[in-house]
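# Observations on the three-dimensional arrangement
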Number of protein chains: 2
Amino acid sequence: MTDRILEFLRNRQEDGPCMVLDLDVVRDNYFSFAKALPDTRIFYAVKANPDPQVLSLLAELGSCFDTASVVEIEQVLAAGASADRISFGNTIKKERDIARAYALGVRLFAVDCEAEVEKIARVAPGSKVFCRILCDATGAEWPLSRKFGCAPAMAPRVLEHAHSLGLNAYGLSFHVGSQQRDPRMWDGALKAAAEIFRDLAERGISLQMVNLGGGFPTKYLRNVPAVKAYGQSIFKSLRKHFGNRIPETIIEPGRGMVGNAGIIEAEVVLISKKSDTDQVKWVYLDIGKFNGLAETTDEMIRYPIKTAFDHDAKEPCVLAGPSCDSVDVLYEKDPYLLPVSLEIGAKVLIEGTGAYTTTYSSVGFNGFPPLKSYVI
Amino acid sequence: MTDRILEFLRNRQEDGPCMVLDLDVVRDNYFSFAKALPDTRIFYAVKANPDPQVLSLLAELGSCFDTASVVEIEQVLAAGASADRISFGNTIKKERDIARAYALGVRLFAVDCEAEVEKIARVAPGSKVFCRILCDATGAEWPLSRKFGCAPAMAPRVLEHAHSLGLNAYGLSFHVGSQQRDPRMWDGALKAAAEIFRDLAERGISLQMVNLGGGFPTKYLRNVPAVKAYGQSIFKSLRKHFGNRIPETIIEPGRGMVGNAGIIEAEVVLISKKSDTDQVKWVYLDIGKFNGLAETTDEMIRYPIKTAFDHDAKEPCVLAGPSCDSVDVLYEKDPYLLPVSLEIGAKVLIEGTGAYTTTYSSVGFNGFPPLKSYVI
């Protein structure tokens with residue numbers, strides 16, 4: 001919550017929810033990462049928030065970029081970053097899209113299986129590839145499935161295949177889960193990575209890079225360790241497992257770069273009870289799962305919510321969105337404490353919403369427009 | 001799957017997934033509903049698919065429309081239906097939006113609490129209101145939460161309040177859950193509705209209408225009863241609970257009107273295994289939860305998928321979308337049987353995707369565009 005955002009909202013006239021993002025906070029976050037991990041290159045995860053102004057600022061500051069698609073690559077190039085600062089980090093790519101990325105100058109690609117290596121060898125010859133390995137994501141609020149990565153035991157074969165097809169078997173990547181609150185969780189993956197480095201060195205292939213992924217948290221309701229603690233813990237693990245031969249490293253912060261830079265302003269549309277005996281009120285906002293708050297799915301991300309009534313006593317409320325869809329309920333299993341005096345028509349501020357909000361919006365489910373956003 | 005859709009897809013050149021919807025199927029569905037429930041007015045649930053051509057066809061056929069927002073009301077008016085054929089069926093409305101709807105001519109509104117009644121009384125004087133009640137949704141594949149509706153015991157007070165404020169206390173509504181496969185599930189709600197009719201009649205308020213909601217299923221993998229069976233079962237319950245004084249009724253089919261009219265064509269982007277010992281393959285499509293298949297959340301809707309390899313033996317596969325988001329997995333707990341010979345680059349046809357696909361698409365998560373759609 002910054003003074004600049006509050007001033008912007010005071011002057012805003014139009015109807016409907018919006019997200020306001022303060023670029024000063026993004027700049028601060030960038031420098032925090034750069035300071036905490038001074039020998040690590042930063043690849044901003046574009047998917048967290050691909051706003052052109054966010055990308056331009058980060059391009060200016062010297063950031064590199066982790067992209068999920070050709071459209072994101074084009075957005076990064078349009079923001080002024082050169083192609084050698086781009087990683088095509090999605091392990092699932094159409095061969096046509098790899099060819100397009102290569103034509104745009106991209107030479108760094110993620111893989112997690114031999115079939116993907118073969119596509120890259122065919123249409124992006126000589127490129128660098130890094131193999132994503134599965135790792136333990138305990139402690140993450142948005143834990144990752146097994147969707148990306150292969151078992152560590154399979155990675156040497158994938159990279160050896162890349163090498164044999166003329167690609168540059170460049171390194172490894174892993175991801176400890178989004179909103180990872182335990183800085184020690186990088187240790188196990190780094191141990192596995194160091195073993196693969198040694199294994200491939202014995203076969204004459206010298207890996208150079210470890211992509212430490214994202215997972216760096218933003219503050220929602222609970223406190224999270226500072227970026228510095230992550231830097232220290234990761235460096236300690238690198239020393240422990242790689243000794244004096246510490247590889248080149250990169251990180252891919254998304255949420256940690258932009259999450260706390262954004263605030264959503266929304267409005268209370270209705271407050272009601274379902275029956276006379278119900279203990280819990282229902283509070284309906286003009287924003288829900290389909291126009292910005294998709295990360296409340298399974299009540300995983302619990303955003304801090306501020307109102308003008310916060311000096312009052314609070315009571316448990318079910319919080320829901322405005323659409324005619326019964327799954328559009330934000331917090332119900334674990335009701336949200338809101339002021340007893342909260343009124344229909346009141347504004348609420350939802351903090352920590354700079355990442356994974358605008359682009360998750362539906363094109364217009366129920367006729368509600370996508371979340372508006374303002375970058376200041 | 002119609003010949004017209006197959007022909008359209010044969011001639012399609014461009015890249016990326018798309019949904020093709022055959023208006024002839026929508027027309028057939030409309031007539032099936034009209035025939036199965038001849039004394040019931042049909043209010044198409046616009047949110048299922050607000051395509052202008054779908055709305056125009058239904059307007060021509062004489063359908064009425066259930067809308068969730070002012071934008072949907074405007075879409076229906078643009079399609080040629082008059083405002084007296086529109087219900088503002090969302091129980092969660094901003095007072096400003098009620099006023100806008102009233103200015104556009106809408107005079108029929110849903111409520112489920114006294115606060116909503118008061119908004120309508122202030123800005124839409126004299127309008128008809130119906131009160132939504134909670135009911136049992138057992139048997140539905142997309143069961144509804146308690147988000148909409150009040151306990152039946154509270155409904156008389158809500159409607160009496162409407163009456164006292166000069167509104168027309170018009171009737172009741174309920175919803176037995178989307179994709180409801182048991183035609184008998186309307187019985188319990190109709191019993192509760194009849195009790196409320198009697199209760200209010202004793203207080204001098206004569207309700208006239210029961211909104212039977214939606215819930216009419218479309219065929220996915222499992223067979224569903226024909227619309228006729230729903231018509232018979234509902235009529236039997238109306239007779240049983242209302243005797244000779246059967247009220248005016250309306251239905252709100254959405255999925256049942258357009259679901260089976262649409263097919264998505266998608267492409268296999270990658271097939272891989274996570275380790276040498278894994279029994280289950282991972283198959284990645286160029287469509288997932290964020291660009292059209294949101295209803296696979298919690299694996300609730302299980303779409304039939306056709307490939308050119310279906311004559312071959314099948315094996316269990318995890319099916320996932322193309323985005324760099326680990327929740328973008330369609331079927332994993334219950335893997336999907338796909339042909340062993342399925343290849344990267346192959347096309348797949350996903351049936352029953354005319355409802356709740358295009359509008360759930362994100363504006364561009366991961367840079368993937370919203371699902372394209374073609375109405376033929």
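Residues numbered from 1 in each chain as written. Chains lettered and ligands numbered in written order. Predicted model: local features only at pLDDT ≥ 70, side-chain atom pairs only at ≥ 80, totals over all residues.

### So, the overall build of chain A
Helix and strand counts for chain A stand at ten helices and 18 strands. For 376 residues, the compact-globule formula gives about 21 Å, and the C-alpha radius of gyration of chain A, at 22 Å, lands near that figure. Overall, the C-alpha framework of chain A stretches about 75 × 40 × 35 Å when taken along its three principal axes. Residue burial in chain A is summarised as follows: out of 376 residues, 57% are buried. (Helix = DSSP H or I, 4+ residues; strand = E, 2+ residues; numbered from the N terminus. Rg over C-alpha atoms; globule rule 2.2 N^0.38 Å. Buried ≥ 20, exposed ≤ 12 C-beta atoms within 10 Å, placed from the backbone.)

### Examining the domain arrangement of chain A
Residues and elements named next belong to chain A. Per the domain assignment, the segments of chain A are domain 1 (23-258) and domain 2 (260-375). Each of domain 1 and domain 2 was reduced to a C-alpha centroid, and the two centroids are 33 Å apart. No other element matches the three residues that helix H2 (residues 23-36) contributes to the side of domain 1 that touches domain 2. Considered class by class, the residues forming the side of domain 1 that touches domain 2 number ten nonpolar, four polar and five charged. (Domains from an automatic or database assignment. Nonpolar A, V, L, I, M, F, W, Y, C, P; charged D, E, K, R; others polar.)

### What about the interface of chain B and chain A?
Contacts between chain B and chain A engage 55 residues on the former and 55 residues on the latter. Counting only elements with at least two residues in the side of chain B that touches chain A, the list comes to helix H4 (70-78), helix H6 (114-123) and strand S12 (262-272) of chain B. Sort the elements by how many residues they give to the side of chain B that touches chain A and S12 of chain B lands first, with four residues. Taken together, the residues of the side of chain B that touches chain A sort by class into 27 nonpolar, 15 polar and 13 charged. (Contact = placed C-beta atoms within 7 Å.)

### Details of the pairing of strand S11 (residues 248-251) of chain B
Residues and elements named next belong to chain B. Bridge count between strand S2 (residues 40-45) and S11: three bridges; the pairing is parallel. Its bridge partner lying in S11, Thr 40 is registered against Thr 249. For strand S10 (residues 209-211) and S11, the ladder comprises three bridges, and the chain directions are parallel. Its bridge partner being in S11, Asn 211 is matched across the sheet by Ile 250. (Pairing = 2+ DSSP bridges.)

### Points about the relation of the copies chain B and chain A
Of the transformation placing chain B onto chain A, the axial shift is 0.0 Å and the rotation is 180°, giving an RMSD of 0.0 Å. Both copies are brought into coincidence by an operation consistent with a two-fold rotation axis. Nearest to the rotation axis, the C-alpha of Ser 362 of chain B is located 2.0 Å from it, this being the minimum over chain B. Of the interface residues in chain B, 100% have counterparts in chain A that sit at the interface too, so the contact is made through matching surfaces. (Least-squares fit on C-alpha atoms with pLDDT ≥ 70 in both.)

### Overview of helix H2 (residues 23-36) of chain B
Residue and element names in this part refer to chain B. The end-to-end C-alpha separation of H2 is 20 Å, in line with the 20 Å expected for 14 residues at 1.5 Å each. Within the span of H2, buried status applies to Val 25, Val 26, Asn 29, Tyr 30 and Phe 33. Along H2, the residues classed as buried sweep out an arc of 140° about the axis, all on the same side. Among the exposed residues of H2, those oriented more than 90 degrees off its buried face are Asp 28, Phe 31 and Lys 35. In this structure, the buried side of H2 is in contact with S2, helix H3 (52-61), helix H9 (227-242), S11 and helix H10 (255-258). (Expected span 1.5 Å × (residues − 1). Arc of directions from axis to C-beta.)

### Section: unusual backbone geometry
A positive phi angle, near 55°, is found at Tyr 356 of chain A, a position not held by glycine. On the secondary structure map, Tyr 356 of chain A appears in the loop between strand S17 (347-351) and strand S18 (372-375).

### Quick notes on the environment of Gly 259 of chain B
Residues and elements named next belong to chain B. Among the secondary structure elements, Gly 259 is positioned in the loop between H10 and S12. Taking the C-alpha atoms as reference points, Gly 259 and Pro 369, separated by 110 residues in sequence, lie 22 Å from one another. Excluding residues that lie within four positions of it along the chain, Gly 259 makes contacts with Thr 218, Gly 352, Gly 354 and Ala 355.

### Focus: the environment of Phe 130 of chain B
Residues and elements named next belong to chain B. Among the secondary structure elements, Phe 130 is positioned in strand S6 (residues 128-132). Classification of Phe 130 as buried rests on a count of 29 C-beta atoms within 10 Å. Remark: the alpha-carbon pair of Phe 130 and Leu 349, spanning 219 residues in sequence, is separated by 41 Å. Once residues within four sequence positions are removed from consideration, Phe 130 is found in contact with Ala 110, Tyr 170, Gly 171, Leu 172, Ser 173, Met 209 and Asn 211.

### Some words on H9 of chain B
In an α-helix there are 3.6 residues to a turn, and that puts residues three or four apart on one side. Residue and element names in this part refer to chain B. For H9, with 16 residues, the first-to-last C-alpha span of 22 Å sits near the 22 Å given by 1.5 Å per residue. Residues Val 227, Tyr 230, Gly 231, Ile 234, Ser 237, Leu 238 and His 241 constitute the buried set of H9. Seen from one end, H9 has its buried residues packed into an arc of 135°, which puts them on one side. Exposed residues lying more than 90 degrees from the buried face of H9 are Arg 239 and Lys 240. The inward-facing, buried residues of H9 contact H2, helix H8 (186-202) and H10. At the C-terminal side of H9, Gly 243 shows a positive phi close to 60°.

### Some points on the environment of Gln 232 of chain B
Residues and elements named next belong to chain B. Summarising the element assignment, Gln 232 is placed in helix H9. Using a count of 15 C-beta atoms within 10 Å as the deciding quantity, one classes Gln 232 as partly exposed. Distance from Gln 232 to Leu 37, taken between C-alpha atoms, is 8.0 Å for residues 195 residues apart in sequence.

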